[in-house]
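Survey of secondary and tertiary structure
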Amino acid sequence: MSTGYNRQMLTQYHIEITLQALGEYFSPRAMSAITYANIHQDGLRGQFGHDEYHFDNNAFEKTYAYIEKQRALTLSALGQRKPVAAWSAFGRMIHTVQDFYAHSNYVALWLALFDGQAQPASSKIDPVDLTLIHSPDLRCGKTYYPFELLYYWRPARPFAL
Ligand SMILES: [Zn+2]
């Protein structure tokens, strides 16, 4: 894509970064529930008409509200001693947050701050630069129907991407 960011973050990456970031803090049972809820967001039913799950189509306000809703659900489920419900809401929430960095031009905007200088390593990226998060130049992935649907037909996947 010429826009410099991706529409689709692959399931494998959601799994890898979730395990890498959280694996040491949660039990295998909790990690399984969190990861399942996370990748379930990219199922067919979560793909269409749910920009707020994936930071798509510049639906920023709707997406921020969705994140807050999942956060509140996580906390209320914990308060009611319903761990599976809490893990599920938490998994849905972090899916959306993970998609932000894959579906937006945030990283490109951050790297542009170092224009003309040596580019910092990706591990140095500040994930919450508020100036960039509130920048009028921040954009989130545009979906292209009906071509998006070809992604789900494996032989056409390279073309769809
Ligand atoms: Zn997604």
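The structure we're discussing is the one just above.
What you see is a predicted model; the values in this text were computed from it and never measured. (Residues numbered from 1 in each chain as written. Predicted model: local features only at pLDDT ≥ 70, side-chain atom pairs only at ≥ 80, totals over all residues. Heavy atoms only, no water.)

1. With respect to the coordination of the zinc ion
Within the protein, the atoms that donate to the zinc ion are Asp 42 (OD), His 54 (ND1), His 95 (NE2) and Asp 99 (OD), at distances of 2.1 to 2.4 Å. In the primary sequence, the donor residues of the zinc ion line up as D-x11-H-x40-H-x3-D. Taken together, the positions of Asp 42 in the loop between α2 (28–40) and α3 (44–47) and His 54 in helix α4 (residues 51–54) put the pair 12 residues apart, joining distant regions of the chain. Asp 42 gets classed as buried once you look at its relative accessible area, which sits at 10%. Residue class for His 54 comes out buried when judged on its relative accessible area of 1%. (Donors = N, O, S within 2.8 Å, 3.2 Å for Na, K, Ca; no water. Helix = DSSP H or I, 4+ residues; strand = E, 2+ residues; numbered from the N terminus. Buried < 20%, exposed > 50% of the residue type's maximum accessible area, 1.4 Å probe, protein only.)

2. Side note on the pattern of salt bridges
With the rule as written, the count across this model stands at two salt bridges. Between Glu 52 and Lys 62 there is a salt bridge, and its shortest N-O distance comes to 3.6 Å. Of this pair, Glu 52 sits in helix α4 while Lys 62 sits in helix α5 (residues 60–79); the two residues are 10 residues apart in sequence, bridging distant segments of the chain. With relative accessibility at 47%, the residue Lys 62 sits in the partly exposed group. When the shortest N-O distance is used, the salt bridge between Arg 71 and Glu 68 registers 3.3 Å. Separated by three residues within a single helix, Arg 71 and Glu 68 lie in helix α5, roughly one turn from each other. (Salt bridge = Lys/Arg side-chain N within 4 Å of Asp/Glu carboxyl O.)

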